Amino acid sequence: MSVFSLGAEQTAWCAELRTLAGERLRPLADRGEPGRVNRPLLAELGRLGLLRRLFDSGALELCLMRESLAQRCTEAETALALQGLGAHPVHAYGTPAQRERWLPRVADGGAVAAFALSEPGAGSDAAALSLAAEPDGDGWRLTGAKCWISNAPEADFYTVFARTAPGAGARGVTAFLVPADRPGLTGDALEMLSPHPIGALDFDAVPVTAADVLGGPGRGFAVAMGTLDLFRPSVGAFAVGMAQAALDATVAHTGRREAFGGPLKDLQAVSHQVAEMALRTEAARLMVYAAAAAYDAGAADVPRRAAMAKLFATEAAQFVVDTAVQLHGARALRRGHLLEHLYREVRAPRIYEGASEVQRGIIARELYATAGREATR
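Residues take numbers from 1 onward in each chain, read along the sequence in its written order. The model is predicted, so local features are restricted to residues of pLDDT at least 70 and side-chain atom pairs to those at 80 or more, both for listing and for counting; the totals for chains, interfaces and linings are taken over all residues. No hydrogens and no water enter the side-chain calculation; it runs on all heavy atoms of the structure.

A. Up close: the packing of aromatic side chains. Classification of ring pairs uses Phe, Tyr and Trp, with its six-membered ring standing for Trp, and accepts pairs whose centres are within 6.5 Å; under 30 degrees between planes counts as stacked, over 60 as edge-to-face, and the remaining range as tilted. This model, assessed by the stated rule, comprises three aromatic pairs. Look at Trp 102 and Phe 157: their rings are 4.6 Å apart centre to centre, the planes differ by 40°, and that puts the pair in the tilted class. Taken together, the positions of Trp 102 in helix α6 (residues 96–107) and Phe 157 in strand β4 (residues 157–163) put the pair 55 residues apart, joining distant regions of the chain. One exposure class covers both Trp 102 and Phe 157, and it is buried. Think of it this way: any DSSP run of H or I at least four residues long counts as a helix, any run of E at least two long counts as a strand, and we number them from the N terminus. Burial classes: relative accessible area under 20% of the type maximum marks a residue as buried, over 50% as exposed, and values in between as partly exposed (1.4 Å probe, protein chains only).

Rendered as structure tokens:
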């Protein structure tokens, strides 16, 4: 398959996903409580086999799932993505016992996963985290706080990144699988501009052992970056899905809305804006697919491609949705309108999993590192 086009089977599967999202997932999402885990929605994602595919598919298939679901039900897309983000470290770096205990429950929607990396003083700068893993016999005690954690405090387990070697920067971080019922682990919900729960976690000497380590002691930063390299392009796919939904709505609206003696689409100022929306959406889609294909091929430039895809697609989606609101006028600001929903949803992806400014830093760093390697040959 070319990275620039989809085969007939993939195109049909994406259409099927959009139908499932609209007919079976959208009603469950509508009955959910904002700011809470929607467990019936997760269970349906499990029954449809979509959660299991998180562990059986590559980056391209993940992107196709996220884009397709996002076009019809952003809540379902986000529920699926958060299960993948929280559980991927277990799938990719966990022990057989860890995988056997948790992954089947994640796949059927029975266990809620969360990725606990950000801290009050270390959000996008993952190497600066300070949650302390203090030696305690054959294990450690986790002491400190996490913040802005999706699915917290309602998750059933957390992939937690803690500092096992003070002063060692990225090399001093270890990843742990921490069940939510561990003594000393508590959490609070945060009131955020988000339909899914986001919370803060407090670790008061939470016990962990070698059996809870993911990827080996001191390998936590590699676990985090390996996970983000996979999921950053798919954040772009989420953004593309939202942009496509906004574009489709705008084409329909401007084609039928009468103003100034004819449909809005006949006004050059309007048609050129719609063309720009389509241009940016398609460019973002191509960057996402290219980054996903590079990941699946094991290319050396995955961090740069992933950062570019995430950056461009999320910024493009912000433009597309904002322009769609402008072209719809006041009706788009009414509570419950598709674009009112997308306008709230589209902002956060420019921040989480590395803000746009962080992505620019990654891109520049990778470019200079490549130039340095080539200069020494």
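B. Examining the packing of helix α1 (residues 8–30) against helix α2 (residues 39–47) more closely. Lines fitted to the C-alpha atoms define the axes, with helices restricted to the stretch that makes contact. Angles between their N-to-C directions range from 0 to 180 degrees. Where α1 meets α2, the axes come as close as 8 Å, and the angle between the chain directions of the two elements is 165°. The orientation of α1 relative to α2 falls into the category roughly antiparallel. Where α1 crosses over α2, the two elements pack in a sense that is left-handed. Counting all contacts with α1, which are made through Arg 24, Leu 25, Leu 28 and Ala 29, the residues of α2 involved are Pro 40, Leu 41, Glu 44 and Leu 45. Amino acids are sorted into nonpolar (Ala, Val, Leu, Ile, Met, Phe, Trp, Tyr, Cys and Pro), charged (Asp, Glu, Lys and Arg) and polar (every other residue, Gly among them). For the contact of α1 with α2, the residue count by class is six nonpolar, no polar and two charged. Throughout this description, any angle smaller than 35 degrees is read as roughly parallel, any larger than 145 degrees as roughly antiparallel, any in the 65 to 115 degree range as roughly perpendicular, and the remainder as oblique. Left-handed describes a crossing whose near helix is turned anticlockwise from the far helix through less than a right angle; right-handed describes the clockwise counterpart. We call two residues in contact when some of their heavy atoms are within 4.5 Å.

C. Representation of helix α5 (residues 74–93) within the structure. Here a helix's expected span is defined as the number of its residues, less one, multiplied by 1.5 Å. Spanning 20 residues, α5 covers 29 Å between terminal C-alpha atoms, matching the ideal 28 Å at 1.5 Å per step. Helix geometry: α5 is bent most strongly at Ala 87, by close to 45°, with proline Pro 89 lying one to four residues after it. Buried residues dominate α5, accounting for 17 of its 20 residues. At every residue, the bend is computed as the angle between two fitted axes, covering the seven residues ending there and the seven beginning there respectively.

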